[in-house]
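Below, each chain spelled out in residue letters.
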Amino acid sequence: MRKLFAAGFLVCVSLLAARAQTPSPKPPDPAKEKRLEWFREAKYGMFIHWGLYAIPAGEWNGRRCLGLGEWVMNRCQVPVKEYEKLAARFDPVKFNADEWVQLAQDAGMKYMVITSKHHDGFAMFKSAASPYNVVDATPYKKDILKQLADACARHGMRLGFYYSQSQDWHEPGGAGNTWDFGPDTAPDGKTELKKYEDYLRGKAEPQVKELLTNYGPVALIWFDTPRMMTPERGQRFADLVRTLQPATLIDGRLGTEGDYRSTGDNVIPAEASAEAWETPATINDTWGFRRDDTNWKSPGQIAFKLVDIVSKGGNYLLNVGPTAEGVIPQPSAEVLRTVGRWLRVNGEAVYGTGPSPFGDEFGEWTSRGAKDVRGQKLFLPHTEWRVTTRPGKLYFTFFSEPRAPFEIPVMKNRVLRAYRLADKAPVELKTEGGRTTFLLERPMLDPMATVVVVEFEGQKVER
Ligand code: JFZ
C-alpha cells in the first residue's frame, strides 16, 4: 500500500516537473500576426527551383546522379571548376516571366517563391557581392529575379526568394562542399574548419541585402538547411530582413525563430495546429529539373493535399522545376491548371478559411503500437473527406463518395441548411436523435472533389 502511494506520488511529482519544464506559450506578437495576415489567407503558393542544375538535369558526363536534381553537384562530387562552366551554357531563351506568373494565377496560387541562390552558390540575380551570377557569368546576361519581380508586380502576385544562407558549395567558406574544400567541422562536430564568418559577411549577408533592396516588396525569404547557423548568426539575417523590409516573412529554416513553421519536405502533419505553417512539396520527386523524373502527382492527389493541409491550418508551397531553356514542364503545368480550374469553382472552401473544428477525419493512430520507418507511432490517414470553416459555415470536401449517409460530426450548433458549392444545388438534411446526416448525390458532381457547404447557427462550431 505504502509502496503504491509512494509510486503514485512520484508520478505526480514528475508530471508537475514536466509541466514546469514545458515552455509557456509565447505571448502573441501583434507585429508578426500582422505580417502573417496575407499568408494565412493565401494557402497555396508556387515554389520554383531553378538554377544551373537544370542543364545537367540529373546527370554528369553521361552518369546518372541519384537524388534531387538541384543536388547534382554534391551527388556526383563535381569540382567547382567543372560545375562553374555550366554558367557559360546558361541561356534560357524560352523564359517568359509573365507566362510563369500567369500559370501560377491559372493554378490558383497566391504567391511564388523562387530560388535566388541554391546550395550550388549560383545567384539568379545581378549581384555586386559575387560575379557568380546570371548577369555577369552567363551569355543570357539578364536578371531572372528582376524579370519575375516586374511580372509579379504587373499581375498583383506576391513574390518571395529562397536563399541558401548556409550551404554554398561554390565558396571555400560556405558550408557543404567537402569534396573541394574538406569537412565543415572537425570530428567533434563543433570546431569550424572553414572561414564561415568570411563567407557570411562577404557573400550571404550582402546578397540577402541585395534581394531586399533591388526587387521591390519581398513577400518572404525562404532560408534553408541551417548548418552552423548559431542563434547569433541567424539573428543577423533576421535583423537584415526586419530592418530593410519589416513586412517580409521569414520561413522556419533560418536557424533562429522565423514567422512560421516549415515542415519537412513533403511532410503533412497528422493533426491541425493554430500556428502558421507551410509544407514545401514536390510535384514529382525532385525540386530542380531532372530529365528522368516523370513521376507527376495527379490533379486529384494535389487537390487532396491542398485541402488536407488547409484543413489543418497550413499552406501548401508546391514546386515546379523549369528546364534549362526556361520552360515549366508541360505535364506539371497541366496538373496545376486542372487543380486551378477546380479552385475557380471551389476556392471559397480554401482561401482564407479556418481549420477543421473536428479532427477525427484525419485518421487514427495505430493502437497496436506499430511504428513507421522512423520509429514513430504509425498514423493511418483517412482520405474520404476534409473540412474547412468560415464563420457560420462548414465546407465538407469529399474525395470519394461516402458509402452511407454522411453524418456531420456532433456539434452543439443548430444546422440550418446545406448546398453543393459548385452549383448551389440544395442538399437535403436529415436530423434524428441529435445527429444530422445528408446524402451526397451519386455519382458525385465532381469526381475529383465535391464540396458541400453546411450553414449553422452562430459563428464558431461548439462541440
Ligand atoms: C532542402 C534542400 O536541400 C533541397 O534541395 C530543397 O531546396 C528543399 C526545399 O530544401 O532540403 C531539405 C531541407 C529540410 C528538410 C528536408 C529537406 N527537412 O527539414 O526535413
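Look up: the structure comes first, before these words.
## Comments concerning the state of the cysteines
And then number 1: Counted under the stated rule, the structure contains 1 disulfide.
And then number 2: Through a disulfide, Cys65 is tied to Cys76; the S-S separation comes to 2.0 Å. Taking the torsion about the sulfur-sulfur bond, which here is approximately -110 degrees, the covalent link between Cys65 and Cys76 counts as left-handed. With Cys65 in the loop between strand S3 (63-64) and helix H3 (72-75) and Cys76 in the loop between H3 and helix H4 (80-83), the pair connects residues that are 11 residues apart, well separated along the chain. Residues Cys65 and Cys76 agree in their burial class; the two are buried.

## Quick notes on the sheet that holds strand S1 (residues 44-48)
And then number 1: The strand order across the open sheet formed by 8 strands is S7-S6-S5-S4-S1-S10-S9-S8, and the pairing between neighbours is parallel. Among the strands making up the open sheet, the edge pair consists of strand S7 (249-250) and strand S8 (261-262).
And then number 2: One ladder, built from 5 bridges, connects S1 with strand S10 (residues 314-320); its direction is parallel. Looking at S10, one finds that Phe47 is bridged to Asn319.
And then number 3: On the sheet, helix H7 (residues 144-155) packs against S1, strand S4 (111-117) and strand S5 (158-163) and is oriented at approximately 165 degrees with respect to S4.

## Observations concerning the packing of aromatic side chains
And then number 1: Applying the stated criterion to the full structure yields 32 aromatic pairs.
And then number 2: Seen from their ring centres, Phe47 and Tyr162 are 6.2 Å apart, and the 50 degrees between their planes marks the pair as tilted. Here Phe47, found in strand S1, pairs with Tyr162, found in strand S5; they are 115 residues apart in sequence, far enough to count as distant.
And then number 3: A relative accessible area of 1% means that Phe47 is categorised as buried.
And then number 4: The exposure class assigned to Tyr162 is buried, which follows from its relative accessible area of 1%.
And then number 5: Through successive ring pairs, a cluster of aromatic residues spans Trp50, Phe90, Phe95, Trp100, Phe122 and Tyr132.
And then number 6: Between the NZ or CZ atom of Lys110 and the centre of the ring of Tyr351, over which it lies, the distance is 4.5 Å.
And then number 7: We note Lys142 situated over the ring of Tyr140; from NZ or CZ to the ring centre the distance is 4.6 Å.

## Concerning the packing of helix H9 (residues 196-214) against helix H10 (residues 231-244)
And then number 1: Running from N to C, H9 and H10 cross one another at 20 degrees; their axes reach a closest spacing of 10 Å. With respect to H10, the axis of H9 lies roughly parallel. As H9 runs across H10, the sense of the crossing is right-handed. Of the residues in H10, those touching H9 at Tyr196, Glu197, Leu200, Arg201, Ala204, Glu205, Val208, Lys209, Leu212 and Thr213 are Arg233, Arg236, Phe237, Leu240, Val241 and Leu244.
And then number 2: Class assignment for the residues of the contact of H9 with H10 results in 9 nonpolar, 1 polar and 6 charged.

## Some remarks on the environment of Val72
And then number 1: As for its placement among the helices and strands, Val72 is situated in helix H3.
And then number 2: A residue is classified by how much of its surface remains accessible, and Val72, at 1% relative accessible area, is buried.
And then number 3: Remark: the alpha-carbon pair of Val72 and Arg420, spanning 348 residues in sequence, is separated by 48 Å.
And then number 4: In this structure Val72 touches Tyr53, Pro56, Gly58, Glu59, Cys65, Gln77, Val78 and Tyr83, once residues within four positions along its chain are discounted.

## Quick look at the sheet that holds strand S13 (residues 385-390)
And then number 1: The strand order across the open sheet formed by 5 strands is S13-S14-S20-S16-S17, and the pairing between neighbours is antiparallel. The open sheet terminates on both sides in strands that have one partner only, identified here as S13 and strand S17 (426-427).
And then number 2: Here 6 bridges tie strand S14 (residues 393-398) to strand S20 (residues 450-456), and the two strands are oriented antiparallel to one another. When the sheet's bridge partners are listed, Tyr395 is paired in S20 with Val453.
And then number 3: Sheet strands in contact with helix H11 (residues 299-311) are S13 and S14, and its direction is about 50 degrees off that of S13.

## Points about H11
And then number 1: A rise of 1.5 Å per residue sets the reference length of H11, with its 13 residues, at 18 Å; its end C-alpha atoms lie 18 Å apart and thus fit the reference within 8%.
And then number 2: The complete set of buried residues in H11 reads Ile302, Ala303, Phe304, Leu306, Val307, Asp308, Ile309, Val310 and Ser311.
And then number 3: Residue Gly313 follows H11 closely and has a positive phi angle near 90 degrees.

## Some remarks on the pattern of salt bridges
And then number 1: Counted by the stated rule, this structure contains 35 salt bridges.
And then number 2: Two residues, Glu84 and Lys81, come together in a salt bridge whose shortest N-O distance is 3.6 Å.
And then number 3: Its salt-bridge partner being Glu197, residue Arg201 comes within 3.4 Å of it at the nearest N-O pair. On the criterion of helical spacing, the pair formed by Arg201 and Glu197 is a turn pair, its members being 4 residues apart in helix H9.

Thresholds applied
- Residues numbered from 1 in each chain as written.
- Predicted model: local features only at pLDDT ≥ 70, side-chain atom pairs only at ≥ 80, totals over all residues.
- Heavy atoms only, no water.
- Disulfide = S-S within 2.5 Å.
- Helix = DSSP H or I, 4+ residues; strand = E, 2+ residues; numbered from the N terminus.
- Buried < 20%, exposed > 50% of the residue type's maximum accessible area, 1.4 Å probe, protein only.
- Pairing = 2+ DSSP bridges.
- Contact = heavy atoms within 4.5 Å.
- Axes fitted to C-alpha atoms, helices over the stretch in contact; angles between N-to-C directions.
- Phe/Tyr/Trp six-rings, centres within 6.5 Å; stacked < 30°, edge-to-face > 60°.
- Lys NZ or Arg CZ within 6 Å of the ring centre and 35° of its normal.
- Parallel < 35°, antiparallel > 145°, perpendicular 65-115°, else oblique.
- Left-handed = near helix turned anticlockwise from the far one by under 90°.
- Nonpolar A, V, L, I, M, F, W, Y, C, P; charged D, E, K, R; others polar.
- Expected span 1.5 Å × (residues − 1).
- Salt bridge = Lys/Arg side-chain N within 4 Å of Asp/Glu carboxyl O.

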